[in-house]
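# Descriptive analysis of the structure
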Amino acid sequence: MTTTATQTRGWRALFIQVARFGAVGVVGLVVDITLFNILRATVFAPEHVHSGPLLAKIVSTTAAILVNWIGNRYWTFGNKRSTSTLREGIEFFAASAVGMLIGLGCLWISHYVLGFTSQLADNISGNVIGLVLGTAFRFFAYRLWVFAPHRSTPRPSRVLPSAPDNGLVGEG
């Protein structure tokens, strides 16, 4: 196979992976935004709970992370997943938590530092700016760490050179 064909295949595989990641992300986004707005308007309304928007975002993002883990594990990176579900899950949630902190940081700066406290401002900072930055981080963390290609197949074992056959093996 030529180098050009190999490169084309690599780019195509990356494009498919990014498209799948995006589709899973859209489902997670719907879960995140819907739950965030329901919680922010009800039990975590800022009029009742001072840190309500942050708490609503933590709950909604955690729910979206669960949805995304299932989609990414079995579909986006299905051929690269590890046999160690626990390790993979812990790493996925760690990478997702960093992505969530990026989104929370954007929301916190907008809401508490800059004073943009409307529901629209909270959505723009947390669900647009924070989401874009957090998603970029998560994709690379999942691709290069959690579902890294070297983890999907067993590494070849090192073959040690055998001892020369001197005719003494098995005699005794």
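Residues numbered from 1 in each chain as written. Predicted model: local features only at pLDDT ≥ 70, side-chain atom pairs only at ≥ 80, totals over all residues. Heavy atoms only, no water.

### Structural notes on the overall build of the protein
What counts, and what does not: The numbering of helices and of strands both runs from the N terminus, where a helix is a DSSP run of H or I of at least 4 residues and a strand a run of E of at least 2. Whether a residue is buried, partly exposed or exposed follows from its accessible area with a 1.4 Å probe, protein chains only, as a fraction of its type maximum: under 20%, in between, or over 50%, in that order. Two residues qualify as a contact provided that any one of their heavy atoms is within 4.5 Å of a heavy atom in the partner residue.
Scanning the protein for helices and strands turns up four helices and zero strands. Each helix (α) and strand (β) of the protein, taken in turn from the N terminus, gives the series α-α-α-α. With 172 residues in all, the protein has 33% of them scored as buried. Within the protein, residue pairs in contact and separated by at least 24 positions form 72% of the contacts whose partners lie at least 6 positions apart.

### Details of the pattern of salt bridges
Note the following rule: Salt bridges, as used here, are contacts in which a Lys or Arg side-chain nitrogen is within 4 Å of a carboxyl oxygen on Asp or Glu.
One pass over the full model with this rule turns up four salt bridges. Linking Asp 122 and Arg 40 is a salt bridge whose minimum nitrogen-to-oxygen distance equals 2.7 Å. With Asp 122 in helix H4 (residues 119-146) and Arg 40 in helix H1 (residues 3-41), this residue pair connects regions lying 82 residues apart in the sequence. Arg 40 matches Asp 122 in its accessibility class, with the two residues each being buried. Here Glu 91 and Arg 87 are joined by a salt bridge, their closest N and O atoms 2.5 Å apart. Of the two residues, Glu 91 and Arg 87 both sit in helix H3 (residues 85-113), four residues apart, roughly one turn of that helix. Given a relative accessible area of 9%, Glu 91 falls into the buried group.

### Some details on the packing of aromatic side chains
Note the threshold: Pairing of aromatic rings covers Phe, Tyr and Trp, the last through its six-membered ring, and needs centres within 6.5 Å; plane angles under 30 degrees mean stacked, over 60 mean edge-to-face, and all others mean tilted.
Scanning all chains against the criterion turns up eleven aromatic pairs. An angle of 40° between the planes, with centres 6.5 Å apart, marks the rings of Phe 77 and Phe 139 as tilted. On the criterion of sequence distance, the pair formed by Phe 77 in the loop between helix H2 (52-76) and H3 and Phe 139 in helix H4 is long-range, its members being 62 residues apart. Looking at Phe 139, the relative accessible area reads 9%, which means it is buried. Summarising the aromatic geometry, the rings of Phe 77 and Phe 147 are spaced 4.7 Å apart at their centres and angled 10° between planes, so their arrangement reads as stacked. Of this pair, Phe 77 sits in the loop between H2 and H3 while Phe 147 sits in the segment after H4, and the two are 70 residues apart along the sequence. Phe 147 carries the same exposure label as Phe 77, and that label is buried. The structure contains a cluster of three or more aromatic residues connected by ring pairs, namely Phe 21, Trp 69, Phe 77, Phe 92, Phe 93, Phe 139, Phe 140, Tyr 142 and Phe 147.

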